[in-house]
Every structure is written in C-alpha cells, then in structure tokens.
Amino acid sequence: MKNTWSWIGVSVAALGLAAATSTQANADAPATSAAPGILATHSMETDDGNPGGRLEFRTLGDIVTVNDQQANDGHAAIGYVYEYVNSTTRGELLYSLRDNGSDGVPAVARASDGGSHNLREGRSYWFRICLVGPEDGLSGCDWAAWSNQEEA
C-alpha cells in the first residue's frame, strides 16, 4: 500500500512497532510533496480494530491535534512528538497531548504556544498516536515521520 502523504512507516522488525509502508526520498529523510508556503496536513489513527485515536499534523503553524474518537469508552487518545534521528530511530520526546474525549474538544498544540511546540522548518519529526487505558497502558499505537517543510 502506497500512501500519498509524506510520511514514513516503520516495520515491526525495525522497531517492534505497527507495520506500515513508506514513500521515501532516501533512507534518512521522509519524502515531501508539498511546496514551501503550502499547508500540508498529515494524519493517522490508532491501530485498534475501530480506531479510537487520531493525530493530525498541519505544517503551517505546526498544529498538532489529538482526538479521542470514542468518548467515554474508558480509554483516552495520547499523541507524542519526537525529534527525528533517521528512518528507524526517534530522538528526544518534545511533548505529548492527551484527549479523553469527554468534552468533545480535541487537544491541540501550535507553534504559537512556543517552546517545543514551535517545530523547526525543514526538519522531520516522529509522531505517535496511542490509546491509553487506566489498567492496560498503551495500546493500538501507530508511528509516522513527517517533514515540516512549510514556512509559517
């Protein structure tokens, strides 16, 4: 399965994570198809049978949204943003967002929030979405690496 979004999927063998395929310019950098100054939106959902969590990344403004799509089911959606090292390695955790879905409003981080939320232009980042329950920890996790190519 080829994905038209600019992201890299990581194989289970490489990191023990959810399997996906990739569209990749080289082994160390995610492919990018958007021209500078154009909004690119990337998204993924948790890998459970009925995806309960969704993470979306909009490059213009570095907007990361985490949405619990199944409110009040005992699980929350949690998203993570990591430094990108290469196609099989993530770096330092920059921040995480959690949404339990009870209020119908997703968790959102923007470049304008400052600090680690302001992702550097022209760099790639690893993104992770998972479900988290009170007794079963993280589940249904999915990973993707996307480039932040647009100018804010």
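Up top is the structure these notes are about.
All of the points below concern the structure found in this document.

**Focus on the packing of aromatic side chains**
Each aromatic ring pair is specified by the distance between its two centres and by the angle formed by the two planes.
Okay, step 1: For the coordinates displayed, the defined rule picks out 7 aromatic pairs.
Okay, step 2: The interplanar angle of 25° and the centroid separation of 5.8 Å between the aromatic rings of Tyr84 and Trp126 together place this pair among those described as stacked. Residue Tyr84 is located in strand E6 (residues 76-86), and its partner Trp126 is located in strand E9 (residues 123-133); the two are separated by 42 residues in the primary sequence.

**Here's the deal with the nonpolar core**
Okay, step 1: Counting 18 residues, the largest nonpolar core has Leu55, Val64, Val81 and Phe127 as the members making the most contacts within it.
Okay, step 2: Residues Ala76, Tyr80, Cys141 and Ala145 belong to the second largest nonpolar core, which totals 11 residues.

**Things to note about the pairing of E9**
Okay, step 1: For E9, the buried fraction is high: 10 of the 11 residues fall into the buried class.
Okay, step 2: In this structure, E6 lies alongside E9, joined through 8 bridges in antiparallel fashion. Looking across to E9, one finds that Tyr80 is bridged to Arg128.
Okay, step 3: The antiparallel hairpin formed by E9 and strand E10 (residues 137-148) contains 3 residues in its connecting segment.

**Brief notes about the pairing of E6**
Each regular strand carries side chains that alternate between the two faces of the sheet.
Okay, step 1: Burial of E6 is extensive: 10 of the 11 residues sit out of reach of the surface.
Okay, step 2: Bridge analysis of E6 against strand E7 (residues 89-99) gives 8 bridges, and the strand direction is antiparallel. Residue pairing across strands places Gly79 opposite Leu97, the latter belonging to E7.
Okay, step 3: The antiparallel pairing of E6 with E7 creates a hairpin that spans 2 residues between the two strands.

Rules used in this analysis
Residues numbered from 1 in each chain as written. Predicted model: local features only at pLDDT ≥ 70, side-chain atom pairs only at ≥ 80, totals over all residues. Heavy atoms only, no water. Phe/Tyr/Trp six-rings, centres within 6.5 Å; stacked < 30°, edge-to-face > 60°. Helix = DSSP H or I, 4+ residues; strand = E, 2+ residues; numbered from the N terminus. Core = buried A, V, L, I, M, F, W, Y, C linked by side-chain atoms within 4.5 Å. Buried < 20%, exposed > 50% of the residue type's maximum accessible area, 1.4 Å probe, protein only. Pairing = 2+ DSSP bridges.

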